[in-house]
Amino acid sequence: MSRPVIGISTYQDPARWGVWEMPVVLLPAGYPRLVRAAGGLAVLLPPDDAQDAARDAVAALDGLVIAGGADVEPARYGAVADPRTGPPARERDAWELALIRAAMERQVPLLGICRGMQLLNVALGGTLHQHLDDHTGGPGVFGSHPVTPVPGTAYADAVPETAVVPAYHHQAVDRLGDGLVASAHAPDGTVEALELPGHGSLVLGVQWHPEMGEDTRVMDALVRAAGGRAHRSPRSQDRRTQALRTPVS
């Protein structure tokens, strides 16, 4: 049985290697490594035009991961930028919001990680805290803290006990988006996981970075849901295979 195909959003930044310096599409290697460890086949999704391209990309997938990264532009949730909020990444915001909406429309299982969880909350009308202290280990260093699940949630089904997780963020969920429920908290009350019950497919966000640790259970949950969807939807499987085999001009 083929592995579920899991798309992971990427982003464009300048980079230098050898004699070259130019824009590149980036993603930390921990993301595809975590997908492979959970039994999935990782496919990287470079930024593209929103809407139609996002729908076509999602149609070729069994599951979707929205990766961590830059702060979400506060204008997306009706706020004025705090001085501590990073510069906007408008093209990335637009692309990943379109991916989220396409996945939800097609009921493709979805996992948002850090920024991806925040963007999921914004996509459903929620807001963000623009700055928190003590949720990193210092500039460029991951911290760690315990996360406690909310009983009865999909996250608690995957990780039933309090777990220590790798974290690096200074923003977090404030008001939950429409239909979302908190499914885990940090000791200071920060929402550390959220989900959309009753949607028909897994829609889960986690505030920490599972790709920086050894615990695969969050990604296991996504890959299981993606595998179940692929098994139930042979037409989707056929379209996915056709899309992956289409030559790129």
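Residues numbered from 1 in each chain as written. Predicted model: local features only at pLDDT ≥ 70, side-chain atom pairs only at ≥ 80, totals over all residues. Heavy atoms only, no water.

(A) Expanded view of the overall build of the protein. Assigned secondary structure in the protein consists of 7 helices and 13 strands. The globule rule puts the C-alpha radius of gyration for 249 residues at 18 Å, and the 17 Å found for the protein is close to it. In the protein, buried positions account for 51% of the 249 residues. Look at the contacts in the protein between residues 6 or more apart in sequence, and 70% of them connect residues 24 or more apart. Taken as a whole, the protein presents about 11,900 Å² of accessible surface, with 53% of it coming from carbon and sulfur. Of the charged side chains in the protein, 21 are positive and 28 negative, and the gap between their average positions amounts to 8 Å. (Helix = DSSP H or I, 4+ residues; strand = E, 2+ residues; numbered from the N terminus. Rg over C-alpha atoms; globule rule 2.2 N^0.38 Å. Buried < 20%, exposed > 50% of the residue type's maximum accessible area, 1.4 Å probe, protein only. Contact = heavy atoms within 4.5 Å. Areas by Shrake-Rupley, 256 points an atom, 1.4 Å probe, with all protein chains shown as cover. Lys, Arg positive; Asp, Glu negative; His and termini not counted. Charge placed at Lys NZ, Arg CZ, Asp CG, Glu CD.)

(B) Region of the structure containing the pairing of strand β9 (residues 163-167). For β9, the buried fraction is high: 4 of the 5 residues fall into the buried class. As defined by bridge partners, strand β8 (residues 143-149) adjoins β9 across 5 bridges and the pair is classed as antiparallel. Residue pairing across strands places Val 147 opposite Ala 163, the latter belonging to β9. (Pairing = 2+ DSSP bridges.)

(C) Just the pattern of salt bridges, in detail. Taken as a whole and assessed by the stated rule, the structure comprises 9 salt bridges. Linking Arg 92 and Glu 96 is a salt bridge whose minimum nitrogen-to-oxygen distance equals 2.9 Å. A residue pair is termed a helical-turn pair when its members lie 3 or 4 positions apart in one helix, as Arg 92 and Glu 96 do in helix α3 (residues 90-106) at 4 residues. Accessibility expressed as a relative area gives 0% for Glu 96, which makes it buried. Each of Arg 92, Asp 93, Glu 96 and Arg 115 takes part in a single network of salt bridges with overlapping partners. (Salt bridge = Lys/Arg side-chain N within 4 Å of Asp/Glu carboxyl O.)

(D) Up close: the pairing of β8. Here β8 runs beside strand β11 (residues 181-185); their pairing, made up of 2 bridges, is antiparallel. From the neighbouring strand, Pro 149 faces β11, where its bridge partner is Ala 184.

(E) A look at the sheet that holds strand β6 (residues 110-113). Judged by pairing direction, the sheet is mixed, and its 9 strands sit side by side in the order β4-β1-β5-β6-β13-β12-β11-β8-β9 without closing on themselves. Both edges of this open sheet fall to β4 (41-45) and β9, since each of them pairs with a single strand only. Going from strand to strand, the sheet's axes swing by 30° on average, the running direction of each strand aside. Bridge analysis of strand β12 (residues 191-195) against strand β13 (residues 203-206) gives 3 bridges, and the strand direction is antiparallel. Looking at the pairing, Ala 193 lines up with Val 206 of β13. (Axes fitted to C-alpha atoms, helices over the stretch in contact; angles between N-to-C directions.)

(F) A look at the nonpolar core. Ranked by internal contacts, the top residues of the largest apolar core, which has 35 residues, are Leu 64, Leu 99, Ile 100, Met 104, Leu 110, Leu 120 and Leu 194. Those elements that provide at least two residues to this core are α2 (52-59), β5 (63-66), α3, α4 (115-123) and β12. Ranked by the residues each element gives to this core, the list is headed by α3, at 8 residues. Contact partners of Leu 194, with chain neighbours within four places excluded, come to Met 117, Leu 120, Asn 121, Val 173, Leu 176, Leu 180, Val 181, Ala 182, Ser 183, Val 203, Leu 204 and Gly 205. (Core = buried A, V, L, I, M, F, W, Y, C linked by side-chain atoms within 4.5 Å.)

(G) Looking closely at unusual backbone geometry. In the Ramachandran plot, Gln 107 falls in the positive-phi region, its phi being about 55° despite a non-glycine side chain. In this fold, Gln 107 is placed in the loop between α3 and β6. For Cys 114, which is not a glycine, the phi torsion comes out positive at approximately 55°.

Distances and angles like these do not, on their own, reveal function.
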